[in-house]
Structures are given as structure tokens and as C-alpha cells.
Amino acid sequence: MRRPKFQRPIPSMVTDAVPDKIGRAMEGSRSPLTRKIIIFNLVTLSLLVSGILFLSQSRTSLTDLRKQTLLADASVLATSLEFQMEFSDISDLYEPTLYTTLETLAEPINARAQLFSPEGYLITDIGARPEVYHRDENPVTEPQTESVGDILNDAWTRLAAVFVTRPAPADESYLMAFRSAIAVRSMIADDSTLATTMNEIKQLIVTVAVPVSHDGDMVGAVVLSTRGGEIDGYIWNERQQILEIFILAAVTSVFLSILLANTIGRPLRQLAMAAQKGSVQNTGRISPGRIDIPDLTSRPDEIGDLSRQLRNMTTALYDRIEANEAFAADVAHELKNPLTSLGSAVETMRLVKNDEARERLMDVIRDDVNRMDRLVTDISNASRLDAELATDEMVTIDVVKMLRDLVDYQSELATADGVSIISNFDETTPNIIGLKSRLAQVFVNLISNAVSFVPKGGSVTVSVFQHERGEVAIVIEDTGCGIPDDNLEDVFKRFYSSRPKQEFGNNSGLGLSISQQIVEAHGGEIWAENIYGDDPDTPSGARFTVLLPV
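For the structure given in this document, a descriptive report is provided here.

Parameters and conventions
- Residues numbered from 1 in each chain as written.
- Predicted model: local features only at pLDDT ≥ 70, side-chain atom pairs only at ≥ 80, totals over all residues.
- Heavy atoms only, no water.
- Helix = DSSP H or I, 4+ residues; strand = E, 2+ residues; numbered from the N terminus.
- Buried < 20%, exposed > 50% of the residue type's maximum accessible area, 1.4 Å probe, protein only.
- Areas by Shrake-Rupley, 256 points an atom, 1.4 Å probe, with all protein chains shown as cover.
- Pairing = 2+ DSSP bridges.
- Axes fitted to C-alpha atoms, helices over the stretch in contact; angles between N-to-C directions.
- Contact = heavy atoms within 4.5 Å.
- Salt bridge = Lys/Arg side-chain N within 4 Å of Asp/Glu carboxyl O.
- Left-handed = near helix turned anticlockwise from the far one by under 90°.
- Nonpolar A, V, L, I, M, F, W, Y, C, P; charged D, E, K, R; others polar.
- Core = buried A, V, L, I, M, F, W, Y, C linked by side-chain atoms within 4.5 Å.
- Expected span 1.5 Å × (residues − 1).
- Polar contact = N/O pair within 3.5 Å; in protein donor to acceptor, adjacent residues only side chain to side chain.
- Patch = residues over 30% accessible without salt bridge, like charges linked within 9 Å, V, L, I, M, F, W, Y side chains within 5 Å.
- Lys, Arg positive; Asp, Glu negative; His and termini not counted.
- Charge placed at Lys NZ, Arg CZ, Asp CG, Glu CD.
- Phe/Tyr/Trp six-rings, centres within 6.5 Å; stacked < 30°, edge-to-face > 60°.

Brief notes about the overall build of the chain
Within the chain, the regular secondary structure consists of 13 helices and twelve strands. In the chain, which comprises 550 residues, the share counted as buried stands at 41%. By element, 56% of the accessible surface of the chain is carried by carbon and sulfur atoms, the whole surface being about 30700 Å².

Here you go:
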């Protein structure tokens, strides 16, 4: 489509720079994230500009304004002719002096002026020339090649023609007949008439007809018409300005999108590459090295949070690996003791001839085998604990009822050793959420440990109530020998054991460690402390406290 008159070319600095800059920017952005951000931003910007262009009232406003201007000009011409006819005693519009008057008055008007008779015949045509402006008539110096704005403007014009209903295009003969009809209509109605049509290349034409009367009779009509491309040129220029802004905004959006994508994508790629070092295919190397997650915690955004969490996760992972290594070393050490004793007993048995000595050696072998069996069982339970805590489903637990059942069962066993178990339960204690079997394991272990340290005639007290902080507190107190002050924290370490000599080898030293792990997995706390009586230097028992959230 040819560009109408009044076209103002886009500045060369925009038209020359836009394609190259966009091309280089798009070529340099190979990241899928970058492309997506650019596409989303351009689509949003395009929808905004399309809405502005489609909903813009400039075409209607310009058309209405031009109609009012033509109407005022046509009314002035008609009134001037009427005054001249009255004072010059002219009875019709065929007087040549009227043509001169019309031509003089119509010259400054940027419109085609015509005079029609009452029958609709053309009397005179001022400014008669083709209704189409060609490129060589445009006084503005134009570039030889179309700019990006020209291409977008042409594309929008073609697209808008699909959705906007406009008058059908007409050739010069039809336009002449159309103006004649408008003139006759205005004379019949004795009022001005306004109408729009299109020329043969779909340029908008606004036509205004004003009747001319003399001595009460209609003697003709003045018809003014815009030239083809005049209104379209104004609309084109306004749209061109919007598209120029759109092009600048699009270029800016592309570069800002690349900057944003690099701000997001580059640290994410760094985190991904660091995490990849610890992937399955890399862990098979002889020395894969420690995973070093980039420190992006100074960023006040989600990437900073991601970096912080990945670093924490990596630290926790290495802590777990080191703990497993230490656990494996401890297991090897703990298994070595009964194996050494077992080996010595077997070697000694070959040399012993006395049946009584052989029987004592057999008892040693039996105790070592039982000890190893207990140790292996506890180690197996400890190694499966993490998986079970992560996969088992938590339920609502009536902790008072559970402890009452456990105390009833443990009381029968404690009575055989001359130890009594005292219950001190607050029935208003709220329920808790947890793994019932694992929490029962904790309480059984604490109660049985307490019983094992209490001499005959002693007692173990089990209390449950709601702590002042809101958690449920379970307290197990005994009247035993207490715990050395230096070992109040050591008792929760793996394989730690400090028992009377007669009970040596009957425990693996994993019970309290497993109990602490279970309690902490429930979001709770567990600690040990001594109970002091009259002698402030000698403990009169031990107290284990468990706090579990409601």
C-alpha cells in the first residue's frame, strides 16, 4: 500500500539501529529462559500497542473534526454566494462572476469545491484533479527503502481492514454521482448534509453539501470534499508515532529481558553446574571432590534463598556422610571387642582339659554371641531409622493412655527386680502427633534404663503433663546413682555405656542415641539431669525429660 500524504519518516537513528540491535541481541541469547522472557515481554507489549491502535478514537475524531471544518467552510461559501446574488440581482448560479467568487473563497480551503444545480448537474468544479495522491506529490523527502515503522504501519492497515467496516471503494464517476446525490439531498432537506465514502484505492473521502437559496427558492448547493489521503495521512502519522515508540520500547524490552535473564539464568546455571558434580554419574569417580555451591546468599531474592538452602543441604549431606563414616568406625570397634573375646575363648578351649573350665569358656562364647546378636540388631534398627521416620505416616496419639499401658507392662518386669514404677499422669494433657511405635520405643527405653540403674527397693516415677511452654512433657525419674556430670550429654552418643560391671555387655549403647534421634525427628527435645537430695555433691537419681510439640 502506498503511503498517503503528510507521512513523516522515522528518524534514521531508529530505523537503522533497531534491526541490527535486535538481531545481535537475539543471536547472543541462546538460553531458553532468555528467549521465553523476551517472547513474553514482546507479546505483552504487542497486545498493549494493538489495543491502543484498535481502540484509538483518532480516526473518528479526525473525521468528525474535518466534517465540522468543511461544514463551516461550505456554509461560508453558500452564504457568500447568496449575498452576491441578492446584491447583484443574479437569479441563478450560472453567472460567471459567481465562479470567480467561489474560486477566490475556496482557494485557501484544502478541499475540492463544487457547485451543483437543483437538478443535480455539475455547474463548476474548483480544484478538480485526481482524488489520489501519488508519491511524487508528497513534498516530504522520503527514503528509498521502507523503514520498520512503514512495514508495521502497512501491516496494521491491512489487519485493521479485516475487522473494521468501511465504505466500499469507488472510482471517479461514482464519486461524482455520489456528490450530486448529496447536493440534491441537502436542497430537498434545506439543510446541510455530511457523508463519507472511499476512493478507488480505499482512501477516506469526507463530503459536505450546503444548499444555496435565492428569494426562497433553492438554486443549487455548494459541495466540499476532502482530497484522497488527507485524513488517512493524519491517521498514518499518528499511528507512525505510536509504532516508533513501540519499536523503541521493544528494543529496550529485549535488552532488559536479556539483562534480567542473565541476572536469573547465570546464577542458576552456576548452581546447577555445582550440583551436577555430585550427581550419580560423577560420584563414581575416584576423587570427585567436595561439592562447592556458589555463595549467592547476599542476593535479597529467591535465588539467594535457593543458594542458602542448597549450601545448607550440602553441609547437612556431608555431615551425614561424616556421621556414617564415624558410625561405621564405631560399629567396627564395637564388633571387634566380642569377636576378640570369642576368638580368645575358642583358642583357649583347645588347651583346656578340665570340663568345668570348658563350661566357663562355653558361657563366655555364648555371652559374646548374644552380645553380637544384640549389637547387630540394634545397628540394623539404627540404620533403618531415618528411612522409617521419613516414610511412616504420623497419627494422633493419646500420650497418657500410651504411657499408662507401657507402665503397666514395665511394672511387671520391674517388680521382679524389686523396683516399683510410680505413675503421675495429668489427664488433661493434650494429644500429640507422631509415630506411635517409635515414641513407644523411646519411652520403653527410658523406663527400662531407669529400672536397670535403680537398686532393689528403689522406684521409677513416670510423669506426663503440659509444659508451661505448651509442649507435652514426659519425665522419667529414678532413685539410682545418677549420671556423672561430665557425661550428661555423652549418654546420647552412639555406643556410649556406663553401667555396673554385672551388666557389662548386656546393652549396645545405642538406645539413648536412637531415642534422641526419634524425639528430634518429631520436633521435640530430650535431655538428662541429676536429682540432688540432702547432699548437694552426690546425686540421688537421674531425670530424663522429653518435650514433644502438640
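Once you've had a look at it, read on.
A word on the sheet that holds strand β2 (residues 122-126)
Spatially, five strands are ordered β2-β1-β5-β4-β3 in an open sheet, and the strand pairing comes out antiparallel. The open sheet has two edge strands, β2 and β3 (193-198), and neither has a second partner. Taking the axes of each pair of neighbouring strands and ignoring which way they run, one obtains an average angle of 20° across the sheet. One ladder, built from five bridges, connects strand β1 (residues 112-116) with strand β5 (residues 217-225); its direction is antiparallel. Bridge pairing in β5 places Q114 opposite V223.

Topic: unusual backbone geometry
Both trends apply: most residues other than glycine have a negative phi, and most peptide bonds are in trans. The phi angle at D190 is positive, at roughly 50°, despite the residue not being glycine. By the secondary structure assignment, D190 is in the loop between α6 (172-189) and β3. One non-glycine residue, D215, adopts positive backbone phi at about 55°. Within the secondary structure, D215 is located in the loop between β4 (204-214) and β5.

Things to note about the sheet that holds strand β12 (residues 539-548)
Strand order across the open sheet formed by five strands is β7-β9-β10-β12-β11, with mixed pairing between neighbours. This sheet does not close on itself; its edge strands, each paired only once, are β7 (420-425) and β11 (525-532). Strand after strand, the sheet turns through a mean of 15° between neighbouring axes, direction not considered. In terms of strand pairing, β11 meets β12 through eight bridges, oriented antiparallel. Counterpart to E529 in the pairing with β12 is R543. On top of the sheet, helix α13 (residues 511-521) reaches β11 and β12; it is set at about 30° to β12, its chief contact.

Considering the pattern of salt bridges
This model, assessed by the stated rule, comprises ten salt bridges. For E427, the salt bridge goes to R404, with nearest N and O atoms at 2.5 Å. Linking E427 in the loop between β7 and β8 (432-434) with R404 in helix α11 (residues 399-416), this pair joins segments that are 23 residues apart in sequence. Residue R404 is classed as partly exposed on the basis of its relative accessible area, which comes to 32%.

Some details on the packing of α11 against helix α12 (residues 436-453)
Closest axis-to-axis distance for the α11/α12 pair is 10 Å, and the angle between their directions is 35°. α12 is crossed by α11, and the crossing has right-handed handedness. Residue-level contacts link M402, L403, L406, V407, Q410 and A414 of α11 to K436, L439, A440, F443, V444, I447, S448 and V451 of α12. Per-class residue counts for the contact of α11 with α12 are eleven nonpolar, two polar and one charged.

Section: the nonpolar core
If you look at the biggest cluster of nonpolar residues, it comprises 46 residues, and the most contacted ones within it are V399, L403, F443, V460, V462 and I474. Looking at which element gives the most residues to this core, the answer is α12, with eight residues. Once residues lying within four places of it in the same chain are set aside, the contact partners of V399 are T429, P430, N431, I432, V464, V472 and I474. The next biggest cluster of nonpolar side chains, apart from the first, holds 28 residues, and it includes L115, L204, V208 and I231.

Re α12
In this model α12 runs 26 Å from its N-terminal to its C-terminal C-alpha over 18 residues, within 8% of the 26 Å that 1.5 Å per residue would give. By the burial criterion, the buried members of α12 are R438, L439, A440, V442, F443, N445, L446, I447, N449, A450 and V451.

Section: the side chain of S225
Secondary-structure assignment places S225 in strand β5. In terms of polar contacts, S225 uses its side chain to reach the side chain of R179, at 2.8 Å. Side chain to side chain, S225 and T207 meet in a polar contact 3.4 Å long. If we ignore the near neighbours within four places in the chain, the residues touching S225 are A111, R112, R179, I205, V206 and T207.

Concerning a negative patch on the surface
On the surface, E86, D89, D215 and D217 cluster together into a negatively charged patch. Mapping E86 onto the fold places it in helix α3 (residues 58-88).

Here we look at the pairing of β2
Relative to β2, β1 runs antiparallel, the two sharing four bridges. Note that in β2 the partner of A113 across the bridge is I126. A loop of five residues connects β1 with β2, the two strands running antiparallel in sequence, and G120 in this loop sits at a positive phi of about 90°.

Quick look at the environment of L446
With respect to the helices, strands and loops of the structure, L446 is situated in helix α12. Judged by its relative accessible area of 2%, L446 is buried. Along the sequence, L446 and I476 sit 30 residues apart, while their C-alpha atoms lie 7.1 Å from each other. Once residues lying within four places of it in the same chain are set aside, the contact partners of L446 are I476, L512, I526, F544 and V546.

Quick notes on a nonpolar patch on the surface
Judged by side-chain polarity, I39, F40, V43 and L47 come together as a nonpolar surface patch covering roughly 430 Å² of accessible area. Considering the arrangement of structural elements, one finds F40 in helix α2 (residues 32-55). We classify F40 as exposed; its relative accessible area is 55%.

Things to note about the packing of α12 against α13
Their axes nearest at 9 Å, the elements α12 and α13 cross at an angle of 145°. Crossing hand, α12 versus α13: left-handed. For the pair α12 and α13, contact is made by R438, L439, Q441, V442, N445, L446 and N449 and by G511, L512, I514, S515, I518 and V519, respectively.

Points about the packing of aromatic side chains
Applying the stated criterion across every chain yields a total of two aromatic pairs. Look at F83 and F87: their rings are 6.3 Å apart centre to centre, the planes differ by 15°, and that puts the pair in the stacked class. With F83 and F87 both in helix α3 and four residues apart, this pair spans about one turn of that helix. Look at F87 and you get exposed, because its relative accessible area is 69%.

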